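Examining the three-dimensional arrangement
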Amino acid sequence: MILKPTREDLKLIAWGIGRVILGIGLIMIIPLVVALVSTEWNTVLDFLVGISSCVLFWLIIENTCYQKKDLSWSHGLVVASAGWLIAMLFGAIPHFLSGHFKAYLDACFDLMSGYTTTGLFLLQDLDHVSHGLNMWRHLLTYAGGQGIIVIALTFLFAGSSGAFKLYASEGKEEKLLPNVIRTARAIWMISLTYLVVGSIALWISLSCEGMPAGRGFLHSIWLFMGAWSTGGFAPQSLNLLYYHSLIIELITLVIFVIGSFNFALHYAVWTGKRSEIYRNIEIKSFVTTSLITTVILSIGFSKVGLYTSLGEFFRKGFYNLMSGHTTTGNQSIYSISFQHEFGFIAMWAVILAMAIGASACSTGGGFKGLRMGIFSKYLWGEIKQLVSPESSLQKVKIHHVRDIWLDDEIVKGTMLVLISYVSIYFIGGLLGIIYGYQPSVAFFDAVSAGSNTGLSASLTSPSMPSLLKVYYIFELWAGRLEFMSVFALFGMIIASIKGRRTGRK
Amino acid sequence: MRKLLIALTILFLLIFPQVSLASDTIPIKRIISNMKEYDGKIVTVEGEAIGDKMIRGSYGWITVNDDPYSIKSLEEGGKFKGLSNMGIGVWAPVEELEDITILGGYKNKGDKIRVRGYFHRACHEHGGDTDIHAISIEKIKDGHPFSKPFEFWKLALSLILFGFALLLWKTLNIKKSKAKGAKKE
């Protein structure tokens, strides 16, 4: 029997969402300051409208929906999934007001792409965009990488059991510390420390590469945010190709590989458990899939014969492959080069790497290394069971921060998410083909959107069909939240329509 | 007859100045979409110098865009064309870059330049980058700052929204103090 959500349930969900939107408004203060310092007055106004809209929404909700009850699991799931959608609508205000988007849908697309650390964009005339808007584009991908719910938890929710439900609803299950608020703060501490170190390294390198200090400072922060969050945004339309620099590519490669690792792994290493790097199933899975896709890529390159030296293979092949595997989307080639210069085999090596994706509980997307590890271990266990005597029982164990025995529940959950990812990739690819795009291109961009990567084979553009834009927004959102919260939201909508009323108050 | 031909040529130049001047320039999009065809050949591109001049020793990088926004940017009231920017990195001796003083960005329209040089689909000197090694760079037109009117309607909108927010904040505080009072009673 499906129960209709009560008015109190809906108020509680709205109250949670109100807090998330207030968080978005508070983050907008940073690009506002950047616009002020850069004397970009119209951009300042864009952010003033954005901030006041967020604060007004929060106050309306606070006045009408304030509840003393704690959030349940279903509330947490719906707050996360609906919160991301509404945060998209509010976050898109400065984007749209900037005058660089033809339609509000395009601005929403870029917002969802930013929050979900994807990096695909429909913004037009990027090379004439203000510093303030560029800061907002990169900041929202940096914030989205930690999770916008994590931001809200860090500052705006009191410690409660409902807080953990919110945290887990955003596709994160691991608690680094016993208290979830402290976990959220630990995630921020890790990210901010890397931000300082990574930005300084990039700033020095950009100065050595001839970029003026002032712009180099801003570019270093933006490049760090884009790489660490595995978002892949960059301030210029040529992305990493703009810099023509091996050192910048090397640093961003290191940043996005580290950024794609699980926060629990980071925390374990930070707290002295260095052996975790060698034992963790996600690292093993990442190394294995990296090796396999690199071999496929080199076979593809050997057939094309364009990039002939090791340096060229590294900068044009391996860099873009790893950018895809970590679901970053920074690219050191033109989008069209995937289609024209890489050749069929190398292009599909990148598609495979994107589909697999990064680590669970990280800033990355895709199937995730943990699920690939569980799936392959389970498969291996089944094969061993088949060839073993009937009386023997093969149990399979994985190591992820601690030893975990695989049971049917874990495998079932893993398979459900894997099938969901394959489904959204497939439907996206099919839609692209229906609209007349080449199959490889259609699948490349569909997998890139669903795995929150951001590499593009030039399908994603402001002139792409609106239905495809809407579907890609869905892919970005569902892929980032790893489906459970999205299922919960759909369940809540169905229950609101078909469910039975209860006597609950 | 000869005089007629000269007169017709002058007339053509007057009517179609852009076509006649840029007859040997190739759109960057065409080069990028047909890299094999142009690889290793001398090409001429023309467009807006954008972003940064990155000097590395006696050479340096400049990016040149020739998309419709390089003619009229959205920041100066250009119309939406439904596309992203299209540019290419140019590697040139420092002395060729000296003339370029205004670079395109949020506040400026960059200098319009004409670049003649060798196109590389995967440049072996620069780790496989797609680039142009310049033989010559000529400044065709000076860049200039954009004149942007202050958008008062946005200021008015934000003030109205803040006004409503203040009102609601006050209401919330009254509600809270009433609730506290009721609790005490």
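Residues numbered from 1 in each chain as written. Chains lettered and ligands numbered in written order. Predicted model: local features only at pLDDT ≥ 70, side-chain atom pairs only at ≥ 80, totals over all residues.

**Quick notes on the overall build of chain B**
Scanning chain B from N- to C-terminus turns up seven helices and seven strands. Listing every helix and strand of chain B by position from the N terminus yields α-α-α-α-β-β-α-β-α-β-β-β-β-α. Long-range contacts, defined here as pairs at least 24 residues apart, represent 64% of the contacts in chain B between residues at least 6 apart. (Helix = DSSP H or I, 4+ residues; strand = E, 2+ residues; numbered from the N terminus. Contact = placed C-beta atoms within 7 Å.)

**Some words on the overall build of chain A**
Each helix and strand counted, chain A has 22 helices and two strands in total. The C-alpha radius of gyration of chain A comes to 22 Å, within 12% of the 23 Å expected for a compact globule of 505 residues. Judged by the C-alpha coordinates and their principal axes, chain A covers about 75 × 70 × 50 Å. A fraction of 74% describes how many contacts in chain A between residues 6 or more apart in sequence connect residues 24 or more apart. (Rg over C-alpha atoms; globule rule 2.2 N^0.38 Å.)

**A word on the interface of chain A and chain B**
Note: interface size is frequently given as the accessible area lost on complex formation between the parts. Facing 53 residues of chain A, the contacting portion of chain B comprises 49 residues. Elements supplying a minimum of two residues to the side of chain A that touches chain B: α3 (41-65), α15 (310-325) and α16 (335-340) of chain A. With 14 residues, α3(A) is the largest single contributor of residues to the side of chain A that touches chain B.

**Digging into helix α6 (residues 131-146) of chain A**
With 16 residues, α6(A) extends 23 Å between its outermost C-alpha atoms, agreeing within 8% with the 22 Å of an ideal straight helix rising 1.5 Å per residue. In terms of burial, α6(A) is largely enclosed, as 16 of its 16 residues are buried. (Expected span 1.5 Å × (residues − 1). Buried ≥ 20, exposed ≤ 12 C-beta atoms within 10 Å, placed from the backbone.)

**Let's talk about the domain arrangement of chain A**
Residues and elements named next belong to chain A. Examined at the domain level, chain A breaks down into domain 1 (7-259) and domain 2 (275-464). Look at where the C-alpha atoms of domain 1 and domain 2 centre, and you get two points 25 Å apart. Taken together, the contacts link 31 residues of domain 1 with 24 residues of domain 2. Among the secondary structure elements, those contributing two or more residues to the side of domain 1 that touches domain 2 are α10 (213-228) and α11 (246-259). Each residue belonging to the side of domain 1 that touches domain 2 can be placed in one class, and the counts come to eleven nonpolar, 14 polar and six charged. (Domains from an automatic or database assignment. Nonpolar A, V, L, I, M, F, W, Y, C, P; charged D, E, K, R; others polar.)

**As for the confidence of the model for chain B**
Residues and elements named next belong to chain B. Here chain B averages 90 in pLDDT, and 87% of its residues register 70 or above. Of the regions scoring below 50 in pLDDT, residues 17-22 engages in three contacts with residues more than four places distant in sequence or in other chains. Across the predicted assembly, pTM comes out at 0.88 and ipTM at 0.86. (pLDDT = per-residue confidence, 0-100.)

**Observations regarding the packing of helix α18 (residues 369-387) of chain A against helix α19 (residues 408-434) of chain A**
Residue and element names in this part refer to chain A. Taken N-terminus to C-terminus, the directions of α18 and α19 make an angle of 120°; their axes are 10 Å apart at the nearest point. The angle between α18 and α19 falls in the class oblique. Judged by the twist between their axes, the crossing of α18 over α19 is left-handed. Counted together, R371, I374, F375 and Y378 of α18 and I410, V411, T414, V417 and L418 of α19 form the full contact between these two elements. Split by residue class, the contact of α18 with α19 holds seven nonpolar, one polar and one charged. (Axes fitted to C-alpha atoms, helices over the stretch in contact; angles between N-to-C directions. Parallel < 35°, antiparallel > 145°, perpendicular 65-115°, else oblique. Left-handed = near helix turned anticlockwise from the far one by under 90°.)

**Here we look at the domain arrangement of chain B**
What the domain assignment reports for chain B is domain 1 (24-145) and domain 2 (152-179). The C-alpha centroid of domain 2 of chain B is placed 49 Å from the C-alpha centroid of domain 1 of chain B.

**A few points about the environment of A360(A)**
Residue and element names in this part refer to chain A. Mapped onto the elements of the fold, A360 is located in the loop between α17 (343-356) and α18. With 97 residues separating them in the primary sequence, A360 and F263 have C-alpha atoms 8.5 Å apart. Every residue in contact with A360, bar those within four places of it in the chain, is listed here: N262, E282, K368 and L370.

**Quick word on the packing of helix α14 (residues 281-304) of chain A against α17(A)**
The geometry of a pair of packed helices is captured by two quantities: the angle between their axes and the separation between those axes. All names here are of chain A. At a closest axis distance of 7 Å, the pairing of α14 and α17 adopts a crossing angle of 165°. Classified by the angle their axes make, α14 and α17 are roughly antiparallel. The hand of the α14/α17 crossing is left-handed. Contacts between α14 and α17 involve T289, T293, I296, L297, I299, G300, F301, K303 and V304 on the former and, on the latter, G343, I345, A346, A349, L352, A353 and I356. Here the residues of the contact of α14 with α17 are counted per class, giving eleven nonpolar, four polar and one charged.

**Quick look at the sheet that holds strand β2 (residues 59-65) of chain B**
The strands making up a sheet are joined through hydrogen bonds of the backbone, oriented either antiparallel or parallel. All names here are of chain B. If you trace the five strands once around the closed barrel, you get β1-β2-β3-β6-β5, paired in mixed fashion. Ignoring which end each strand starts from, the neighbouring axes of this sheet average 55° apart. Examined bridge by bridge, strand β5 (residues 112-123) and strand β6 (residues 129-141) share ten bridges and lie antiparallel to one another. The partner of F119 across the bridge, within β6, is I132. (Pairing = 2+ DSSP bridges.)

**Some points on the pairing of strand β1 (residues 397-400) of chain A**
Residues and elements named next belong to chain A. Burial along β1 is one-sided: the face carrying I398 and H400 is buried and the face carrying K397 and H399 is not. For β1 and strand β2 (residues 402-405), the ladder comprises four bridges, and the chain directions are antiparallel. Looking at the pairing, K397 lines up with W405 of β2. Taken together, β1 and the strand that follows it, β2, pair antiparallel across an intervening segment of one residue, in which V401 is found at a positive phi of about 65°.

**Let's talk about unusual backbone geometry**
All names here are of chain A. A positive phi angle, near 55°, is found at N452, a position not held by glycine. Positionally, N452 belongs in the loop between α20 (439-450) and α21 (466-481). Even without glycine at this site, S458 takes up a positive phi of about 80°. Locating S458 in the fold gives a position in the loop between α20 and α21. Residue classification places S458 among the partly exposed positions, given that 18 C-beta atoms sit within 10 Å.

**Thoughts on the environment of I404(A)**
Looking at the secondary structure, you find I404(A) in strand β2. C-alpha of I404(A) to C-alpha of S113(A): the two residues are 291 residues apart in sequence and 34 Å apart in space.

**Some thoughts on the nonpolar core**
Counting residues in each nonpolar core, the largest one holds 158 residues, and the members touching the most others are I21(A), C54(A), M112(A), V350(A), V64(B) and V90(B). V350(A) has contacts with N320(A), L321(A), G324(A), F338(A) and L455(A), leaving out every residue within four places of it along the chain. (Core = buried A, V, L, I, M, F, W, Y, C linked by C-beta atoms within 7 Å.)

**Examining the confidence of the model for chain A**
With 91% of its residues at a pLDDT of at least 70, chain A reaches an overall mean of 88. When mean pLDDT is taken per element in chain A, helix α2 (residues 29-37) of chain A scores highest with 97 and helix α8 (residues 161-169) of chain A scores lowest with 55.

**What to know about the environment of L352(A)**
Following the sequence through the fold, L352(A) ends up in helix α17. When the C-alpha positions of L352(A) and V20(A) are compared, they lie 34 Å apart, and in sequence the two are 332 residues distant.

**Quick look at the pairing of β6(B)**
Residues and elements named next belong to chain B. Here strand β3 (residues 87-93) pairs with β6 via three bridges, running parallel. In the sheet register, W91 faces β6, and the bridge partner there is H133. Linking β5 back to β6 in an antiparallel pair, the connection comprises five residues, with G127 at a positive phi of about 60°.

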